[in-house]
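# Residue-level structural notes
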Amino acid sequence: MTFYVLQALNGLAYSMLLFLLAAGLSLIFGLMDVVNLAHGGFYMLGAYLGLSFVRWTGSFWVAVVLVPPLVAAGGFLLEWEFLRPLYRRTHLDQILLTFGFAFVISDVVRWLWGAEVQSLAAPPGLDRSIPMLGTLFPAYRLFVIALGGALALGLWLGLSRTRLGAIVRAGVANKEMTQAMGINIAAVFTGVFAFGTGLAGLAGVIAAPIQGVFPGVDFETLIVTLIVVVVGGLGTLTGSFWGSLLIGEAETFGKTLLPEAALVVIYLVMAAVLLVRPRGLFGGRTR
Amino acid sequence: MTRAAWPAAAVVLALVPLGLSRYVTTTLTEILIYAIFAMSLDLLVGYTGLVSLGHAAFFGIAAYTVGLLSAHGATALALTLPAGVAAGAAAALLVGVFALRAAGVYFLMLTLAFAQMAFAVAHQWAGVTGGTNGLAGIARPAVPGLDLGPPVPFYYLVFILFVAAAWLLRRIAASPFGAALVGIRENEARMRAMGFDTFRLKLGAFVIAGAAAGLSGVLFAYYNGFVSPDVLYWTSSGQVLIMVLLGGAGTLAGPALGAGVVLVLQNLASSYTARWTLILGAAFILVVLAAPRGLVGLLTGRWARSS
Amino acid sequence: MAPARKAGGWSGTARRITRRQFLGAAALGGAALAAGVRLSGGMRAGRFGVPAALAAGPVKIGLLVSYSKVYGQLGEDITDGMILYFDSVKWRGGGRQITWIREDEEIDPQVGVRKARKLIEADRVDLLAGIVATPTAYAIRDMVHNSKTILIVSNAGGNLLTRARKSPYIFRVSFTSWQVSYPFGKWFYSNIAREAALTAANYGFGTESLAAFKESFIPAGGKVVGEVLPPLNNTDYAPYITQVQKLNPEAIYNFYSGSDAVRFVAQAAQYGLMKSTRVTGAGFMVEQDVLPAEGANALGITNPLHWALTLQNPENRAFTRAYRDRFKRDASVFAMQGFDTARVIVEGLNRTNGDTSDKDRLSEALAGVKFASPRGAFEFDPNTHNVIQTVYVRQVRQVGKDIANVVFDNLGRITDPGK
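The residue numbers shown here count from 1 along each chain, following its written sequence. Written order decides the labels, with chains lettered from A and ligands numbered from 1. Reporting in this predicted model follows two pLDDT cut-offs: at least 70 for local features of residues, and 80 or more for side-chain atom pairs to be given and counted; totals over whole chains, interfaces and linings ignore these cut-offs and use all residues.

Further remarks concern the overall build of chain B. Put simply, DSSP marks the helices as runs of H or I at least four residues long and the strands as runs of E at least two long, and each gets a number from the N terminus on. Secondary structure summary: chain B contains 14 helices and zero strands in total. It is over C-alpha atoms that the radius of gyration is taken, and the globule rule equals 2.2 Å times the number of residues to the power 0.38. For chain B, the C-alpha radius of gyration of 19 Å lies close to 19 Å, the compact-globule estimate for 307 residues. In this scheme every C-beta is placed from the backbone, and a residue whose C-beta has 20 or more other C-beta atoms within 10 Å is buried, one with 12 or fewer is exposed, and one in between is partly exposed. Each of the 307 residues in chain B was classed as buried or not, and the buried ones make up 58%. Contacts here follow a simple rule: the backbone-placed C-beta atoms of the two residues must lie within 7 Å. Relative to all contacts within chain B whose residues are 6 or more apart in sequence, the contacts with residues 24 or more apart total 77%.

So this is what it looks like as structure tokens:
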């Protein structure tokens with residue numbers, strides 16, 4: 001019994017990391033119909049920048065505060081300079097553009113930081129293991145669970161209770177109408193894109209002590225994030241949250257209960273969800 | 001210009017082994033194999049508007065079919081070629097029935113999912129597929145009276161099949177079926193309103209594309225003499241998608257050209273610099289922003305894509 | 001539907017680039033590349049080549065290792081090890097100058113085959129060296145054997161290359177996965193525990209290592225209480241570690257390498273596995289390419305490998321010091337393997353007086369090469385052309401300010417059975 005509780009907790013920490021990534025990607029797609037294939041690259045950038053900041057300042061928390069805005073700036077640049085001209089064009093072109101950027105970011109990171117596997121230690125205070133349920137559980141993972149939950153709550157409140165959130169929700173539901181009502185939808189696009197990218201950067205820093213920092217983490221993470229977003233439903237925060245939980249726990253329990261199928265569990269889950277609900281768990285927009 | 005281009009290219013390609021070095025012949029063989037693969041994807045992406053990130057599944061399944069047959073002593077081309085093509089088509093039918101119910105990003109993800117599942121099977125089922133080490137030692141196929149071992153005869157086999165595939169795909173594209181596919185790309189709802197069974201049409205395109213990808217997969221297995229799970233990994237699907245888009249989707253000639261350009265560029269660039277991924281990414285971005293009809297667009301003067 | 005936007009940015013620029021300019025730029029780029037192709041007969045200077053020798057007929061070596069992706073560091077280490085040795089003999093062997101062309105295998109067998117074909121057919125190298133990844137080695141084996149190209153494998157450890165798929169033209173300077181793990185099974189039974197849980201990344205190298213361990217562990221009387229096999233490139237080991245803890249083993253034997261090793265070791269420490277169980281693993285789990293990232297988490301791990309940075313013999317002391325002085329970082333087993341690769345090539349050339357045209361003669365000469373390597377005595381098995389070497393037992397310990405693998409026992413000279 002404790003075994004399953006422990007695994008569930010493992011899965012929960014993983015789910016929260018996925019949520020940070022999926023939330024940004026889902027909102028970006030929901031609002032702008034853009035599949036940002038460079039999302040994984042920004043995640044990786046966040047991890048590597050986090051590594052450097054910790055080396056320069058000696059403080060993990062400084063990195064957590066400074067890195068997301070930096071990465072968000074990168075997202076802002078991508079959207080403002082390169083993506084905007086393509087909104088008139090097809091999704092194919094956007095995919096290609098962000099794909100190109102994914103490659104560029106991938107190689108620039110390797111160029112600047114090298115190809116070795118690096119690791120980032122959890123900050124002092126959180127690098128202990130807490131005795132619980134008959135074994136030791138890393139305090140840092142508990143922190144990730146708490147942080148994820150807090151962010152989920154914050155995002156939900158932000159979307160549902162603030163004016164800005166209402167604007168974003170309106171944009172997701174009906175861009176033309178929102179624009180017709182006088183809102184500068186272009187600014188909202190840029191803002192959401194930058195914010196979502198910043199979240200990815202934050203996820204990168206937070207995940208680094210667990211996942212390690214190495215080339216290749218961008219595309220690996222991108223695939224899982226896309227699955228979460230599709231399972232949850234594009235464009236909904238609720239969808240990202242529950243999708244992350246589902247995929248996170250499915251992956252964790254899949255590894256223990258179905259070891260031979262470990263590589264495919266999440267794909268099977270996604271295929272199954274889409275068969276029953278073709279727009280994901282909470283996706284429902286007609287488009 | 002395009003009308004004369006195909007026969008002219010065919011003549012040039014036919015003469016290559018007679019004049020140029022062994023290395024050029026073998027490189028061109030690989031390019032032609034990928035050209036078939038890319039053209040098959042173009043039927044989906046360029047004509048029907050279905051962006052698939054799992055096309056390598058059919059390529060890889062056919063390649064593994066050849067590998068397994070070869071390991072069990074079946075080497076006759078008359079057997080392995082149809083077997084591989086059929087495997088590709090059958091897999092496409094299976095995937096298509098499920099994935100084509102969705103559209104847009106959902107379709108993309110489903111194709112990706114199926115390809116990743118095929119990858120996982122190849123990766124894990126080591127007893128049958130050789131696992132990460134793959135299946136090596138695939139001998140050239142047996143054709144009565146011919147030795148396909150040396151590069152030149154094998155090149156001509158690939159060349160002939162390339163010409164056949166290109167001709168077939170062009171005929172299909174130019175047929176009413178092809179026109180219907182384009183109609184679906186432009187506006188599926190309208191096609192349905194006009195009475196077309198768009199699901200059947202899309203499935204048909206999917207299966208044809210899968211069969212053609214299977215053909216290239218068979219040739220690929222023979223060319224390399226081995227097959228490993230990497231052919232099924234999503235980056236393999238990504239690479240062929242890149243070939244289609246860089247070359248110019250919707251033209252068939254574009255993807256064939258794209259295959260050559262990407263392979264040559266990758267090879268050359270990576271011999272000179274470790275930064276070739278950066279170059280590839282930058283080339284993409286440049287093409288998207290400045291040359292959306294791809295290389296074919298540049299060469300035929302149709303500069304900007306009509307919206 | 002597009003938002004109203006200001007002009008400028010890329011779309012404005014795009015309109016200003018005319019078709020002619022674009023084609024012109026492309027043509028220039030193409031011409032530059034074509035010029036480069038003409039020059040690619042091994043006479044390139046720069047990052048991937050050494051300027052061609054002034055003396056007649058230099059020996060051309062094709063070096064194919066990974067410079068990109070996760071195993072990029074291994075490729076760099078092998079290359080640097082080779083440079084260190086070649087420098088010491090002034091890049092001469094058998095009376096001829098030595099040059100090389102380097103290519104990136106990218107850990108993708110398809111790419112590896114393409115590059116090998118280029119090196120063999122277009123660049124016409126006299127011999128091939130390198131190969132980090134086993135699938136790539138298997139993929140090029142037939143091409144190498146059929147073209148009678150001498151291949152000196154600097155890393156790839158798949159057993160088959162020394163067994164069912166061996167070739168008189170293929171020499172292995174590194175190891176077979178069997179060689180490292182087999183002798184440790186028996187030692188583990190006598191020195192660590194009678195019961196073990198096994199875990200490994202689920203791919204060729206991992207499963208071969210566990211099988212080799214069991215081959216000597218079980219006949220000695222050992223009992224395997226469970227096996228846990230995470231997939232290759234797994235990021236979250238928590239579910240697997242929890243599984244291992246459920247088995248409550250006295251000791252475990254693992255196989256991981258690269259980023260998998262770093263993650264596994266870090267997460268195992270976080271979950272207290274290092275304290276509750278004796279942790280052992282094939283040496284790659286804590287070798288120099290990953291040990292710095294693992295740090296104190298790796299302390300105490302007992303591991304077998306055919307070399308160690310701290311190995312005390314004159315050749316190793318000289319090698320590690322020279323490597324450190326030259327490259328400003330510690331050598332790794334991969335660097336050592338590169339160093340020996342270069343030495344084998346030079347010794348082989350010396351024995352044929354520089355004749356590389358008769359491949360059978362060169363093959364025989366290489367097979368007879370013997371010398372004192374930083375790892376101990378080095379020789380080839382005449383039947384399999386695989387190295388015969390001593391395997392050491394090491395433990396990760398604190399040595400002054402550093403954390404290093406300290407050798408404290410020896411498993412003897414190990415020869416791969418060859419079948």
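Here the narrative resumes, following the displayed structure.
It is worth spelling out the overall build of chain A at this point. Counting secondary structure elements, chain A contains 11 helices and two strands. Going residue by residue from the N terminus, the α and β elements of chain A occur as α-α-α-α-β-β-α-α-α-α-α-α-α. Along the first, second and third principal axes, the C-alpha set of chain A runs to 60 × 45 × 35 Å. Taken over 287 residues, chain A has a buried fraction of 59%. Nonlocal contacts in chain A, meaning residues at least 24 apart in sequence, comprise 76% of its contacts between residues at least 6 apart.

This part is about the pairing of strand β13 (residues 376–380) of chain C. All names here are of chain C. Any two strands are treated as partners once DSSP identifies two or more bridges connecting them. Of the pairings in the sheet, the one linking strand β12 (residues 370–373) to β13 comprises four bridges and is antiparallel in character. Paired with Ser373 across the strands is Gly376, a residue of β13. Hairpin remark: β12 followed by β13, antiparallel, with two residues in the connecting loop. Judged from the two bridges that link them, β13 and strand β14 (residues 387–399) form a sheet pairing that is antiparallel. Within the sheet, the bridge partner assigned to Glu379 lies in β14 and is Ile388. In textbook terms, the turn of a hairpin is the stretch between consecutive antiparallel strands, and for β13 and β14 this stretch comprises six residues, one of which, His385, has a positive phi near 60°.

Further remarks concern the sheet that holds strand β3 (residues 96–104) of chain C. Residues and elements named next belong to chain C. Read across the sheet, six strands follow the order β2-β3-β1-β4-β5-β6 without closing on themselves; strand pairing throughout is mixed. Lying at the two open borders of the sheet, with one neighbouring strand each, are β2 (92–93) and β6 (170–172). Two elements, strand β4 (residues 127–130) and strand β5 (residues 150–153), share four bridges in a ladder whose sense is parallel. Counted as the bridge partner of Leu127 is Ile150 from β5. Here an axis means a line fitted to C-alpha atoms, over the contact stretch when the element is a helix, while the angle between two N-to-C directions is reported on a 0 to 180 degree scale. Sheet strands in contact with helix α3 (residues 72–88) are β1 (59–65), β3 and β4, and its direction is about 155° off that of β1. In the packing of helix α4 (residues 109–122) onto the sheet, the strands contacted are β1, β3 and β4, and the crossing angle to β1 comes to about 175°.

For the rest of this paragraph, the subject is the interface of chain C and chain A. When the parts come together, some accessible area is lost, and that loss is often what is quoted as the size of the interface. Contacts between the two partners involve 35 residues from chain C and, on the opposite side, 37 residues from chain A. Among the elements that make up the side of chain C that touches chain A, the one with the highest residue count is helix α8 (residues 238–247) of chain C (seven residues). Of the residues assigned to the side of chain C that touches chain A, the class counts are 16 nonpolar, 13 polar and six charged. Throughout this entry, Asp, Glu, Lys and Arg are counted as charged residues, while Ala, Val, Leu, Ile, Met, Phe, Trp, Tyr, Cys and Pro are counted as nonpolar. The remaining residues, Gly among them, count as polar.

So, about helix α8 (residues 185–211) of chain A. All names here are of chain A. For α8, with 27 residues, the first-to-last C-alpha span of 37 Å sits near the 39 Å given by 1.5 Å per residue. Bend angle per residue: angle between axes fitted to the 7 residues ending at that residue and the 7 residues starting there. Val205 marks where α8 bends most, by close to 30°; the proline Pro209 follows one to four residues later. In terms of burial, α8 is a largely internal element, 23 of the 27 residues being buried. Here the expected length of a helix is defined as 1.5 Å per residue gap, with one fewer gap than residues.

Turning our attention to the confidence of the model for chain B. Residues and elements named next belong to chain B. The pLDDT value expresses, per residue, how confident the predictor is, ranging between 0 and 100. Within chain B, residue pLDDT values average 89, and 97% of them lie at 70 or more. Segment residues 303–307: pLDDT under 50, and six contacts once partners within four positions in sequence are set aside and those in other chains are kept. This prediction of the complex comes with two scores: 0.86 for pTM and 0.86 for ipTM.

Before going further, it helps to examine the packing of helix α2 (residues 22–47) of chain B against helix α7 (residues 151–174) of chain B. Packed helix pairs are characterised by how far apart their axes lie and by the angle those axes make with each other. Residues and elements named next belong to chain B. Orientation of α2 relative to α7, taken along the N-to-C sense of each, is 20°, at an axis distance of 9 Å. On the basis of the axis angle, α2 is roughly parallel to α7. As for how α2 packs across α7, the hand of that crossing is left-handed. Contacts from Arg22, Thr25, Thr26, Leu28, Thr29, Leu32, Ile33, Ala35, Ile36, Met39, Leu43 and Tyr47 in α2 reach Pro151, Val152, Phe154, Tyr155, Val158, Phe159, Phe162, Ala165, Ala166, Leu169 and Ala173 in α7. For the contact of α2 with α7, the per-class residue count stands at 19 nonpolar, three polar and one charged. Orientation categories follow fixed angle ranges, with anything under 35 degrees roughly parallel, anything over 145 roughly antiparallel, 65 to 115 roughly perpendicular, and all other angles oblique. For any helix crossing, the convention is left-handed if the near helix is rotated counterclockwise from the far helix by under a right angle, and right-handed if that rotation is clockwise.

It is worth spelling out the pairing of β4(C) at this point. Put simply, side chains in a regular strand alternate between the two faces of the sheet. Residue and element names in this part refer to chain C. Burial of β4 is two-sided: the residues Leu127 and Ala129 facing one way and the residues Leu128 and Gly130 facing the other way are all buried. Across four bridges, the pairing between β1 and β4 is parallel. Each bridged residue has a counterpart across the sheet, and for Leu64 the counterpart in β4 is Gly130. Considered for its hand, the β-α-β crossover made up of β4, helix α5 (residues 134–146) and β5 is right-handed. We call a crossover right-handed when, viewed with the strands running away from us, the connection from the first strand over the helix to the second turns clockwise.

What follows is about the nonpolar core. Think of a nonpolar core as buried Ala, Val, Leu, Ile, Met, Phe, Trp, Tyr and Cys residues, each tied to the set through C-beta atoms within 7 Å. Residues A:Met270, B:Ala38 and C:Leu128 are the most contacted members of the largest nonpolar core, which totals 341 residues. Here the element with the most residues in this core is helix α1 (residues 2–32) of chain A; it accounts for 17 residues. Domain boundaries shown here were taken from an automatic or database domain assignment. The residue makeup of this core includes at least three contributed by each of domain 1 (59–175 + 312–385) and domain 2 (178–305 + 393–414) of chain C. In this view, A:Met270 contacts A:Ile227, A:Val230, A:Val231, B:Met109 and B:Ala113; residues no more than four positions away in its chain are not counted.

Running from N to C, helix α11 (residues 265–276) of chain A and helix α5 (residues 104–124) of chain B point in directions that differ by 140°, and their axes come no closer than 9 Å. When the axes of α11(A) and α5(B) are compared, the pair comes out oblique. Here α11(A) runs over α5(B); the crossing is left-handed. Contacts between α11(A) and α5(B) involve A:Tyr267, A:Met270, A:Ala271 and A:Leu274 on the former and, on the latter, B:Tyr106, B:Met109, B:Leu110, B:Ala113, B:Gln116 and B:Met117. Here the residues of the contact of α11(A) with α5(B) sort into nine nonpolar, one polar and no charged.

The next point concerns helix α2 (residues 39–57) of chain A. Residue and element names in this part refer to chain A. Counted at 1.5 Å a residue, the expected span for α2 with its 19 residues is 27 Å, and the 27 Å between its end C-alpha atoms agrees. Across the 19 residues that make up α2, a large majority, 15, are buried. Remark: Gly58 follows α2 within two positions and exhibits a positive phi of approximately 75°.

The next subject is the environment of A:Leu27. Residue and element names in this part refer to chain A. For Leu27, the position within the fold is in helix α1. Sequence-wise, Leu27 and Arg169 are 142 residues apart; in three dimensions their C-alpha atoms are separated by 9.3 Å. Setting aside residues up to four positions removed in sequence, Leu27 forms contacts with Val192, Gly196 and Leu237.

Note on placement: C:Ile150 falls in strand β5. For the pair C:Ile150 and C:Pro168, spaced 18 residues apart in the sequence, the C-alpha separation amounts to 8.4 Å.

In this structure, C:Lys148 takes a positive phi of about 55° despite not being glycine. In this structure, C:Lys148 sits in the loop between α5 and β5.

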